[in-house]
Amino acid sequence: MNAPTHRYLSLGAGVQSTTLLLLAAQGTIPGFDAAIFADTSWEPAAVYRHLDRLTGIARSAGIEVARVITGDIRADALDPKHRFASMPLFTLGPNGERGMARRQCTGEYKIKPIKAEVRRRLGYPHPTRVPAGVWAQIAIGISVDEIGRARDSDVGYMRNVHPLLDLGWRRTDCLRFLAAQGLGDTPKSSCVGCPFHDDSFWADLKAHSPAEWEAAVTFDRAIRNGSAKANADGHPLRGQFFLHRARVPLDEVVLRPRPRPADAPGCGPWTCPHNATTPVAAGRGEVA
C-alpha cells in the first residue's frame, strides 16, 4: 500500500480528539497536516472557547486547525427556503403516535464538510474524481472502550486510523492525560439543541448558560409544528416536534438530572454515541 498523501485529524473538540491533538503536538504520535473541525454554528460557547485554546496549542506545534462549515444548523432548520437536513427531533403524531425524525444532521453538518475539505486539500474538489493512489489518512478519536464505533472509511480517498486504539487508551486515560496537561475542563462536543441531551445537560445549561438555554427553548417553540419544508422523502412534515423526549415544551419539562459518569462520551462526527438509534420518519405514522 502506498503512503498517504496527507495526514489529518478529525477534530470534534471533545475529550478523545483533543487528546490526539495534544499527543501529536508533543510528538508522542505522528503529527497532522491539519486538524479539521466541522462547525454546525450551534456548539456550546464552552466548545468554541476550548477550540480557540486548542488552535493556539496546535499553532505552536505547526499544526493548522481548520474550521469548515456547511451552514447554520439552527437557522437552516427554521428557514423554509433551505433544504431540510432532518434533526432527530421527538415527534408526536396527530393521533398520539410517538416517534423520532430521521437523523441527517451529523452527515450534513459534520461528515460532509470534512470530506469536502479533504478533497479540496488533496486537489480534487467535488465533483472531480480523486485518482486511485491519492488518499489522506484520517485520525479519529475512538478509545478502547468505544472500539465498536471504529469503522473503515466509506470513500477511497480517506483511510481511517485510530491512534488511541494503538495506544490501548480508554476514555478515562484521556481524561487523566488532559487533566495533567491543564485541560481537565475539556467539554463534551455536541450542538446546544441536540435532542439526545439528557436531563443533566439541560439542567446544567439552564442553571449556568441562561442565554443558550433560552436559545434552545426558543428553537423548541419554533419547530413545534414543523415548517413549510418537506422532509428528505418529499412528504410534508406533520404532527408536533420537540427537543425533549417527554414531548412537551422544553421550558415546561420537569427535569430530573442524574449524576453522569465522567467517561460518558460526547458526539463527534464519526463517533456519535447514538448511531445505533433507529430513525423513523417524522409525523407519518411510524413510532419509536
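As shown above, the structure is provided for reference.
Here's a quick rundown of the structure. (Residues numbered from 1 in each chain as written. Predicted model: local features only at pLDDT ≥ 70, side-chain atom pairs only at ≥ 80, totals over all residues. Heavy atoms only, no water.)

What to know about unusual backbone geometry
Logical step 1: The peptide bond linking His126 to Pro127 adopts the cis configuration, its omega dihedral lying at 10°.
Logical step 2: Relative to the helices and strands, Pro127 is located in the loop between α4 (105–122) and β6 (136–139). (Helix = DSSP H or I, 4+ residues; strand = E, 2+ residues; numbered from the N terminus.)

Structural notes on the pattern of salt bridges
Logical step 1: The final tally for this structure, using the stated rule, is 13 salt bridges.
Logical step 2: With its nearest N and O atoms 2.8 Å apart, the salt bridge here joins Glu117 to Arg120. Linking Glu117 with Arg120, this pair stays in helix α4, spanning three residues, or about one helical turn.
Logical step 3: For Glu117, the salt bridge goes to Arg121, with nearest N and O atoms at 2.7 Å. Of this pair, Glu117 and Arg121 both sit in helix α4, four residues apart, roughly one helical turn.
Logical step 4: Judged by its relative accessible area of 10%, Glu117 is buried. (Salt bridge = Lys/Arg side-chain N within 4 Å of Asp/Glu carboxyl O. Buried < 20%, exposed > 50% of the residue type's maximum accessible area, 1.4 Å probe, protein only.)

Some details on the nonpolar core
Logical step 1: The biggest cluster of nonpolar side chains holds 28 residues, and the ones touching the most others in it are Ile73, Met87, Trp202, Trp213, Phe219, Leu243 and Leu250.
Logical step 2: Of all the elements in the fold, those that place two or more residues in this core are α3 (73–78), α4, α7 (199–208), α8 (210–222) and β8 (240–242).
Logical step 3: For this core, the element with the highest residue contribution is α8, accounting for five residues.
Logical step 4: When residues no more than four places from it in sequence are discounted, the contact partners of Trp213 are Trp202, Leu205, Lys206, Leu250, Asp251 and Leu255.
Logical step 5: Judged by nonpolar contacts, the second largest core, of 25 residues, contains Ile29, Ala58, Phe177 and Leu178. (Core = buried A, V, L, I, M, F, W, Y, C linked by side-chain atoms within 4.5 Å. Contact = heavy atoms within 4.5 Å.)

A look at helix α1 (residues 15–25)
Residues spaced three or four apart along an α-helix point in a common direction, a consequence of the helix completing one turn every 3.6 residues.
Logical step 1: Judged by how many residues are buried, α1 sits mostly within the fold: ten of eleven residues are covered.
Logical step 2: Those residues of α1 that fall on the buried side of the exposure criterion are Val15, Gln16, Ser17, Thr18, Thr19, Leu20, Leu21, Leu22, Leu23 and Ala24.
Logical step 3: Close packing links the buried residues of α1 with β1 (6–10), β2 (34–38), α2 (45–60), α5 (163–167) and α6 (171–180).
Logical step 4: After α1 finishes, the residue Gly27 shows a positive phi value of roughly 85°.

Remarks on the packing of α7 against α8
Logical step 1: At their nearest, the axes of α7 and α8 sit 6 Å apart, and the two run at 125° to each other. Relative to α8, α7 is oriented oblique. In this structure, α7 contributes Trp202, Leu205, Lys206 and His208 to the contact, and α8 contributes Pro210, Glu212, Trp213 and Ala216.
Logical step 2: When its residues are assigned to classes, the contact of α7 with α8 shows five nonpolar, one polar and two charged. (Axes fitted to C-alpha atoms, helices over the stretch in contact; angles between N-to-C directions. Parallel < 35°, antiparallel > 145°, perpendicular 65-115°, else oblique. Nonpolar A, V, L, I, M, F, W, Y, C, P; charged D, E, K, R; others polar.)

As for the sheet that holds strand β4 (residues 90–92)
Logical step 1: The strand order across the open sheet formed by three strands is β5-β4-β8, and the pairing between neighbours is antiparallel. Taken across any chain shown, the strands that pair with only one partner, and hence form the sheet edges, are β5 (98–100) and β8. If you compare each strand with its neighbour and ignore which way they point, the axes differ by 30° on average.
Logical step 2: When β4 meets β5, the two strands line up antiparallel, connected through three bridges. (Pairing = 2+ DSSP bridges.)

A few points about the side chain of Asp220
Logical step 1: Tracing the backbone through its elements, the reader meets Asp220 in helix α8.
Logical step 2: For Asp220, a relative accessible area of 1% gives the class buried.
Logical step 3: Dropping the residues within four chain positions of it, Asp220 is found in contact with Phe241, Phe242, Leu243, Val248, Pro249 and Leu250.

Concerning the side chain of His197
Logical step 1: Checked against the element boundaries, His197 lands in the loop between α6 and α7.
Logical step 2: For His197, a relative accessible area of 10% corresponds to the buried category.

Structural notes on the packing of aromatic side chains
Logical step 1: Considering all chains together, one arrives at four aromatic pairs under this definition.
Logical step 2: Three or more aromatic residues joined by ring pairs form one cluster here, namely Phe201, Trp202 and Trp213.
Logical step 3: Lying over the aromatic face of Phe37, Lys110 brings its terminal NZ or CZ to 4.9 Å of the ring centre.
Logical step 4: The ring of Tyr157 carries the charged tip of Arg119 above its face, separated from the ring centre by 5.3 Å. (Phe/Tyr/Trp six-rings, centres within 6.5 Å; stacked < 30°, edge-to-face > 60°. Lys NZ or Arg CZ within 6 Å of the ring centre and 35° of its normal.)

Things to note about α7
Logical step 1: Taken residue by residue, α7 has Asp199, Ser200, Phe201, Trp202 and Leu205 as its buried positions.
Logical step 2: Those residues of α7 hidden inside the fold are in contact with α8.

So, the sheet that holds strand β7 (residues 158–161)
Logical step 1: Reading across from one edge, β3-β2-β1-β6-β7 is the order of the five strands in this open sheet, with parallel pairing throughout. Both edges of this open sheet fall to β3 (64–68) and β7, since each of them pairs with a single strand only. Looking at each pair of strands side by side, their axes are set apart by 30° on average, direction ignored.
Logical step 2: In this fold α2 packs onto β2 and β3, with an angle of close to 145° to the strand it touches most, β3.

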